[in-house]
Amino acid sequence: MNTELTAEKTTQLKGQLTPSKIMQVGMGFWASKALLSAVHFELFTLLGPGPLSAHDIQEKLSSKASIRHIYDWLDTLVSLGFLERKGLLDQAVYSNAEDTDFFLDMKKPGYMGGILEMANNRLYKHWMNLDEALLTGQQQNESKDDPHGNMDFFSKLYQDPGKLQEFMNAMSGIQTGNFIALSNKFNFDNYSSLLDVGGADGWLSIQVCLHHTDIQCTTFDLPPIEPLAKKKIESYGLKDRIQFMPGDFFKDELPKADIIVMGNILHGMNEEGKLQLLDKVFKTLPDGGVFMTVENIIDNERRQNTFGLLMSLNMLIENGDAFDYTLDDFKNWTSRAGFKRVELLPLSGPTSAAIAYK
Ligand SMILES: Nc1ncnc2c1ncn2[C@@H]1O[C@H](CSCC[C@H]([NH3+])C(=O)O)[C@@H](O)[C@H]1O
């Protein structure tokens, strides 16, 4: 059978094709930025107490843009489902949609906008240089001119207290659902101690302790984090159960624990750094101990987890030669370190816990 496409068939085929997905993704930064600006201006917090008109919003933002453009921005957010609206233009009042009210009102406990604040303030402009990153393999963030890789950019980032706090909030924002899911899904009953390496302000330890009364946690991170972590741990009344230990996971010994967790740590390393940390973790754990990472583990076929794949490109932007990985990769590295078996525990959305048993 002649399988060549005739001119007529090609035209027919093209008739069925539409560029809508290409346009949606290609121009997706418009929609992304409209939402990120709303987070930046705390629009969903402004609307927390109740509906406002476009004029009210313009005034509260001290905006000098035309009211027409304020309508355009707000109605974009309506069309995307992030706002609700009654009436039209000068008769309209705007209110939060259910999800933005829950997750993006800073005055509500479910607020997770930290990651979007950081996306607006840092990642958006660093991603502008993805072309350069793909050609050079070099990181494109604040440490672009002095790159060292393997998460070394933190020493520079943390010199700015605003950026330090913003980064902590971003990490809590992106991981809250995952840490709660991990606390619910993993059986912590057989273990009495947990160490969270690179535990930031202690959010994972807090969630585990809130869900399980018999476990003691240590959260290990760089010294500048200590005051923020202690404050947060105390605010949950957990200072007797969660200890902050300052240190450098490459240079210092890790404290002993039955379970060692790393959330979004291994992906920030090149392969050598990953193997070095895994060796250290294996030596620190007792027999029967457990190691788990909480990351956007890419599916083994590398076709499904778009967010995980994009996160890996984000690691190129942030660290140069660092990358996210599949469960097969994890199995390969952990078995080289000496672990017996691995399993995958899906958490929320694109994130899973990859678990290795000693
Ligand atoms: N060399 C290092 N030693 C200890 N902590 C580090 C080091 N380099 C980076 N970090 C910390 O690693 C964390 C990476 S971000 C991940 C934070 C958290 N585990 C979460 O899942 O949300 C940050 O809190 C950094 O301060």
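A quick note: this is a predicted structure, and the numbers were derived from the prediction, not measured.

Procedures and definitions
Throughout, a residue's number is its position along its own chain's written sequence, starting from 1. Confidence filtering applies because this is a predicted model: local features only for residues at pLDDT of at least 70, side-chain atom pairs given and counted only at 80 or more, and all residues used for totals across whole chains, interfaces and linings. Values reported for side chains reflect all heavy atoms of the structure, with hydrogen atoms and water molecules removed beforehand. Numbering goes from the N terminus for both helices and strands, where a helix is a DSSP run of H or I of at least four residues and a strand is a run of E of at least two. For every residue, the accessible area obtained with a 1.4 Å probe (protein chains only) is divided by the maximum for its type, and the residue is called buried under 20%, exposed over 50%, and partly exposed between those limits. Only strands joined by at least two bridges in the DSSP assignment are considered to pair. For helices, the fitted axis covers only the stretch in contact; all axes are lines through C-alpha atoms, and the angles between them, taken along N-to-C directions, range from 0 to 180 degrees. Only heavy atoms enter the contact rule, under which two residues are in contact if any of them lie within 4.5 Å. UniProt positions are given in the numbering used here, feature names are shortened, and annotations may be inferred rather than shown by experiment. By the definition adopted for this analysis, an angle is roughly parallel if under 35 degrees, roughly antiparallel if over 145, roughly perpendicular if from 65 to 115, and oblique otherwise. Two helices crossing with the near one rotated counterclockwise from the far one by less than a right angle form a left-handed crossing, whereas a clockwise rotation gives a right-handed crossing. Only Asp, Glu, Lys and Arg are considered charged in this grouping, and only Ala, Val, Leu, Ile, Met, Phe, Trp, Tyr, Cys and Pro are considered nonpolar; every other residue, Gly among them, is considered polar. We define proximity as follows: a residue is near a molecule or strand when any one of its heavy atoms falls within 4 Å of that partner. Here a polar contact is taken to be a pair of N or O atoms separated by no more than 3.5 Å, where protein atoms must pair a possible hydrogen donor with a possible acceptor and residues adjacent in sequence count only if both atoms sit in side chains. For every accessible area listed, the method is Shrake-Rupley and the probe measures 1.4 Å; residues are considered covered only by the protein chains on display.

**What about the overall build of the protein?**
A tally of regular secondary structure across the protein gives 16 helices and nine strands. In terms of principal-axis extent, the alpha carbons of the protein reach across some 70 × 65 × 40 Å. Taking all 358 residues of the protein together, the buried fraction comes to 47%.

**Side note on the pairing of strand S8 (residues 341-346)**
Side chains on a regular strand alternate between the two faces of the sheet. Sheet topology places S8 next to strand S9 (residues 352-357); six bridges connect them, and they run antiparallel. Note on S9: the bridge partner recorded for Glu343 is Ile355. Counting the residues between successive antiparallel strands, the hairpin from S8 to S9 contains five residues, one of them, Gly349, with a positive phi of roughly 55°.

**Considering the sheet that holds strand S3 (residues 193-197)**
Ordered in space as S5-S4-S3-S6-S7-S9-S8, the seven strands form an open sheet in which the pairing is mixed. What marks the edges here is a single partner per strand, and that holds for strand S5 (242-246) and S8. Neighbour to neighbour, the strand axes of the sheet diverge by 20° on average, direction disregarded. Contacting strand S6 (259-263), strand S7 (290-295), S8 and S9, helix H11 (residues 161-185) crosses the sheet at an angle of about 150° to S7. In the packing of helix H16 (residues 327-337) onto the sheet, the strands contacted are S7, S8 and S9, and the crossing angle to S8 comes to about 150°.

**Thoughts on the UniProt feature "active site" (unreviewed entry) in the protein**
Those residues carrying the UniProt feature "active site" (unreviewed entry) are His267 in this numbering. In this structure, His267 sits in the loop between S6 and helix H14 (271-284). By relative accessible area, which is 4% here, His267 ends up buried. If we ignore the near neighbours within four places in the chain, the residues touching His267 are Lys274, Glu295, Met311, Met315, Ala322, Phe323, Asp324 and Tyr325.

**Focus: the packing of helix H3 (residues 28-40) against helix H8 (residues 114-127)**
Running from N to C, H3 and H8 point in directions that differ by 120°, and their axes come no closer than 8 Å. Relative to H8, the element H3 lies oblique. Of the two possible hands of crossing, H3 and H8 adopt the one that is left-handed. Residues Phe29, Ser32, Lys33, Leu35, Leu36, Ser37, Val39 and His40 of H3 lie in contact with H8, whose contacting residues are Leu116, Glu117, Ala119, Asn120, Asn121 and Tyr124. Among the residues making up the contact of H3 with H8, the classes are represented as seven nonpolar, five polar and two charged.

**Overview of the packing of H3 against helix H6 (residues 67-79)**
Across the interface, H3 lies against H6 with an axial gap of 10 Å and an inter-helix angle of 110°. Taken together, the axes of H3 and H6 lie roughly perpendicular to each other. The segment H3 lies against H6, with Ala34, Leu35, Ser37 and Ala38 engaging Trp73, Thr76 and Leu77. Here the residues of the contact of H3 with H6 sort into five nonpolar, two polar and no charged.

**Structural notes on the site of the ligand**
Near the ligand there are 19 residues, and of these Tyr158, Gly198, Asp221, Phe249 and Gly263 occur at the shortest range. At a separation of 2.7 Å, an oxygen atom of the ligand approaches a polar side-chain atom of Tyr158. For the ligand, a nitrogen atom lies 2.8 Å from a polar atom in the backbone of Gly263. In isolation the ligand has 560 Å² of accessible area, and contact with the protein removes 96% of it. Ranked by residue count, the leading element in the shell around the ligand is H11, at five residues. Classifying every residue of the shell around the ligand by side-chain character gives 12 nonpolar, five polar and two charged.

**A short note on the side chain of His212**
With respect to the secondary-structure elements, His212 resides in the loop between helix H12 (203-211) and strand S4 (216-221). Excluding anything up to four places from it in sequence, His212 contacts Ser183, Phe186, Phe188, Asp189 and Arg241.

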